[in-house]
Protein chains: 2
Amino acid sequence: MPQFLDSRDADFDARFAALLNMKREDAPEVDDIVAGIIADVRDRGDAAVIELTEKFDRLTLTPDTLAFSPQEIDAAIATVPAAERDALELAAERIRAYHVRQRPEDARWTDPEGVELGWRWTAVGAAGLYVPGGLASYPSSVLMNAIPAQVAGVERLVICAPTPDGTANPLVLLAAKLSGIDTIYRIGGAQAVAAMAYGTETIAPVDKITGPGNAFVAAAKRRVFGKVGIDMIAGPSEILVIADAENDPDWVALDLLSQAEHDEVAQSILITDDAAFGEAVARAVEARLETLERRHIAGPSWRDYGAVITVRDLTEAAEFSNRVAPEHLELCVADTEALLGKITHAGAIFLGQWTPEAIGDYIGGPNHVLPTARSARFSSGLSVLDFMKRSTLAQMTPAALRAIGPAAETLAISESLEAHGLSVRARLDRLNRE
Amino acid sequence: MPQFLDSRDADFDARFAALLNMKREDAPEVDDIVAGIIADVRDRGDAAVIELTEKFDRLTLTPDTLAFSPQEIDAAIATVPAAERDALELAAERIRAYHVRQRPEDARWTDPEGVELGWRWTAVGAAGLYVPGGLASYPSSVLMNAIPAQVAGVERLVICAPTPDGTANPLVLLAAKLSGIDTIYRIGGAQAVAAMAYGTETIAPVDKITGPGNAFVAAAKRRVFGKVGIDMIAGPSEILVIADAENDPDWVALDLLSQAEHDEVAQSILITDDAAFGEAVARAVEARLETLERRHIAGPSWRDYGAVITVRDLTEAAEFSNRVAPEHLELCVADTEALLGKITHAGAIFLGQWTPEAIGDYIGGPNHVLPTARSARFSSGLSVLDFMKRSTLAQMTPAALRAIGPAAETLAISESLEAHGLSVRARLDRLNRE
């Protein structure tokens, strides 16, 4: 059974705090192993990558076969049924249309002192996208990572996707093609992250690495951070649904289960202002769990980490939701805009009962790479901005330097940075002599 | 002597690559110590912070004196001379005026299928700013970190600033006051970072930690990343000046020295299309080094890590500069706009000979917290966006779900995520029945 909480209960605060602090990830101690793998790839390049791929993926490669050939890609893509191809194309188109709007604007202006100021956005030069193999090999994630990079204007975009025992996912290759990527290395794990960060004889280094992965990939990304940029260290998925009684319990149950089926440590929370509705949803979840294909994953997730929270009103619901700062938030209430106005922390927000979270995973347009583990308190989902950076601009005139230069000199001297002060003073002296 | 390189030389590529890969930071092995300190603060809270402050800063505190009292702050501020106060106020005003323009815009639109899409920006709830003590205690850094947070709308903003042996910098306290911060803890090191990330009995936890610090602070920020957001792990400062012969060698020398004086491992590089001008600048540097207060820092920096690179033309200069991806870049050439168009990676760009980099450190308006160690390839200087995050929005209508829902269902099934598919299907079935 999931937990049932009621904000009127005496022990509510303690139980809600315990829910917030629930440790769902049992991070294995892989850091030393990962450090060794990275050092090995830096030392021996391709040879290390090939050896590690043989060891972990039971796949024998050569420098020439590290990447899929165009023929292999085309042959795999040809096996994709038309319905899936059409769906993926529609998803790519809609994701692109959403992300194009995120392109940031440059700015230039002259302030009252005559200083010309501004900023300019430019794309990251090269980006590498990690795509997990096996069960978590999701073509939708390829689109969600690659399209923002492409829209940002990243010139070189490559994928690393392990193919354990040589098994590739044709839909992943199709998604790569739809995103304009033609270099796909069939390598994975920490060795793939190291190869993209430091480069090998065959694999050119990139500037930014994004994409989900297992504990080894996460530890490797954390270690190469600084040498390259990374997106985020993703944790298990979460959904929080705020629903009043005017909802179909089965729909809400399916929305909760669509996170629970991802991972035994995924978390699904319902907040409702109607206790009876909460119970009805819990019954609907149990009914669906009887036949759900992934019930061996969704069942433990729901029973160990699920929660149904009854609140006095929707204002309280928003308050608790903000403390959770969920990755996905559904607002299944009559006045979605009023409730939205009270939400301060959430990765992606789905408005109204006709917007199941699964729409956002695939086809809505917004990105599905989102902050987990309460990190929506301080971070955002993946966007075009993650593949761009901003240079600030400043241009002084002699008159402007006369106006504000002396203050800079004063502050430089107060910080005991004499050369800073002199670099301003030398120019002011010239102006005073003229 | 700094290195002299010429792009026409046979060994140029190898020497330029060596310059790029020069290891300037000898990161001490502090990670285990820092892990212990963080665990101690998590376990024992205030008691641990107080003990560690006694040990490292030789300062005895109690929970009541962890923060400066309003009286202490006012008394310290009263000692600041009027000229410094005025300069700091002008700086704060100009920094605020620049950063206000960075406030991002929300968006809402309806697409052709009737899906309502958009995003909404909200501020981080609480931020903590680390301000180093001792030699690197810079009031300007307080402004550069605190003002963007304030402009973003961060509700709770605190400072941790160690005061070794009890010595506080009145200008730091004044800068805090000018930025609207009244909670200033006199603690530092990994213990301060741990206290801000996890909270103690006295110190409430924050959501984001920014600000520079020594190796212990950097290691602690890296470790708490995920629990809270962090800005960047700053390395030693760098400047790259692209200058033609129409410049005063002394001005360029002072600009190079204004980075060199920060740190023995700071790096200053001149790229010029005139070898004789490069030599003149090198002579001017040596002349200034004879009397510069910080010559014991700036001298080793220039001689060990400085470089003068002669290139064929300014296009080549831009190309090499982009490979360096400098933190600070000065374009001291006749046609700054033409050269700017060729620059792809740089933290802050200073246009023309009347814009010494020191202006940007204090009073220009743009932020001086900038990406170091070539990370301008993939990251930006601190901005208002670092203290905000974006929630994506999506709202389907029944008609929109009919139009694009089936594609989402197809993709969910192809990824073996049945509940995802069913959450869409259950709604489509209702529509089909109606």
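On a predicted model such as this, the values are computed, not experimentally measured, just so you know. (Residues numbered from 1 in each chain as written. Chains lettered and ligands numbered in written order. Predicted model: local features only at pLDDT ≥ 70, side-chain atom pairs only at ≥ 80, totals over all residues. Heavy atoms only, no water.)

Focus on the overall build of chain A
Put simply, the rule is: Helix and strand assignments come from DSSP, with helices taken as H or I runs of at least 4 residues and strands as E runs of at least 2, each series counted from the N terminus. Three labels apply to residues, based on accessible area from a 1.4 Å probe with only protein chains included: buried if under 20% of the type maximum, exposed if over 50%, partly exposed otherwise in between. Throughout, a contact is declared for two residues whenever any of their heavy atoms are within 4.5 Å. In short, Shrake-Rupley with a 1.4 Å probe defines the accessible areas, and a residue's cover is counted only from the protein chains shown.
Each helix and strand counted, chain A has 17 helices and 14 strands in total. Looking at chain A residue by residue over its 434 residues, the buried ones come to 60%. Taking all contacts inside chain A whose residues are at least 6 apart in sequence as the whole, residues at least 24 apart take part in 74%. Element-wise, carbon and sulfur atoms account for 51% of the exposed surface of chain A, whose accessible area totals about 15700 Å².

Section: the domain arrangement of chain A
Residue and element names in this part refer to chain A. Here is the rule we go by: Segmentation into domains, and thus their bounds, comes from an automatic or database assignment. Buried area counts how much accessible surface, traced with a 1.4 Å probe, disappears from two parts once they are put together, with both parts' losses summed. A pairing counts as a salt bridge when a side-chain nitrogen of Lys or Arg comes within 4 Å of a carboxyl oxygen of Asp or Glu. What qualifies as a polar contact is a pair of N or O atoms within 3.5 Å, subject to a donor-acceptor requirement within protein and to the restriction that residues adjacent in sequence count only when both atoms come from side chains. Only Asp, Glu, Lys and Arg are considered charged in this grouping, and only Ala, Val, Leu, Ile, Met, Phe, Trp, Tyr, Cys and Pro are considered nonpolar; every other residue, Gly among them, is considered polar.
Along its sequence, chain A is organised into domain 1 (3-24 + 235-364), domain 2 (31-105 + 123-230) and domain 3 (396-433). Summarising the inter-unit geometry, the C-alpha centres of domain 1 and domain 2 are found 32 Å apart. If you sort the residues of domain 1 by the area they bury against domain 2, Arg294, Tyr362 and Ile363 come out on top, with a joint share of 62%. Remark: the boundary between domain 1 and domain 2 carries zero salt bridges. Linking domain 1 with domain 2 are two residue pairs in polar contact (both at pLDDT 80 or more), by the criterion used here. When grouped by side-chain class, the residues that make up the side of domain 1 that touches domain 2 number two nonpolar, three polar and two charged.

What about empty space enclosed by the protein?
Operational definition: In this analysis, the protein atoms alone were mapped onto a 1 Å grid. Cavities are point sets where a 1.4 Å probe fits without being able to get out; pockets are open sets with protein on both sides within 12 Å along at least five of seven lines; lining residues have an atom within 4 Å of a point. Grid points are joined across faces, edges and corners, and a volume is the space filled by probe spheres set on the points.
Under the counting rule described, the total for this entry stands at one cavity of 30 Å³ or more. When its volume is computed, the largest cavity comes out at roughly 60 Å³. Along its surface, the largest cavity is lined by Ala348, Ile349, Phe350, Gly360, Pro366, Asn367, His368 and Leu370 of chain A together with Thr392, Leu393 and Ala394 of chain B. Elements with a minimum of two residues in the lining of the largest cavity: strand S13 (348-351) of chain A together with strand S14 (388-395) of chain B. Among the residues making up the lining of the largest cavity, the classes are represented as seven nonpolar, four polar and no charged.

As for the UniProt feature "binding site: substrate" (unreviewed entry) in chain A
All names here are of chain A. Definition in use: UniProt positions are given in the numbering used here, feature names are shortened, and annotations may be inferred rather than shown by experiment.
UniProt marks Ser237, Gln259, His262, His328, Asp361, Glu415 and His420 with the feature "binding site: substrate" (unreviewed entry), using the numbering shown here. Across 184 residues, the annotated set is spatially dispersed, with a maximum C-alpha separation of 55.3 Å. Of note, serine 237 is situated in the loop between strand S8 (229-230) and strand S9 (238-243). What makes serine 237 buried here is its relative accessible area of 12%.

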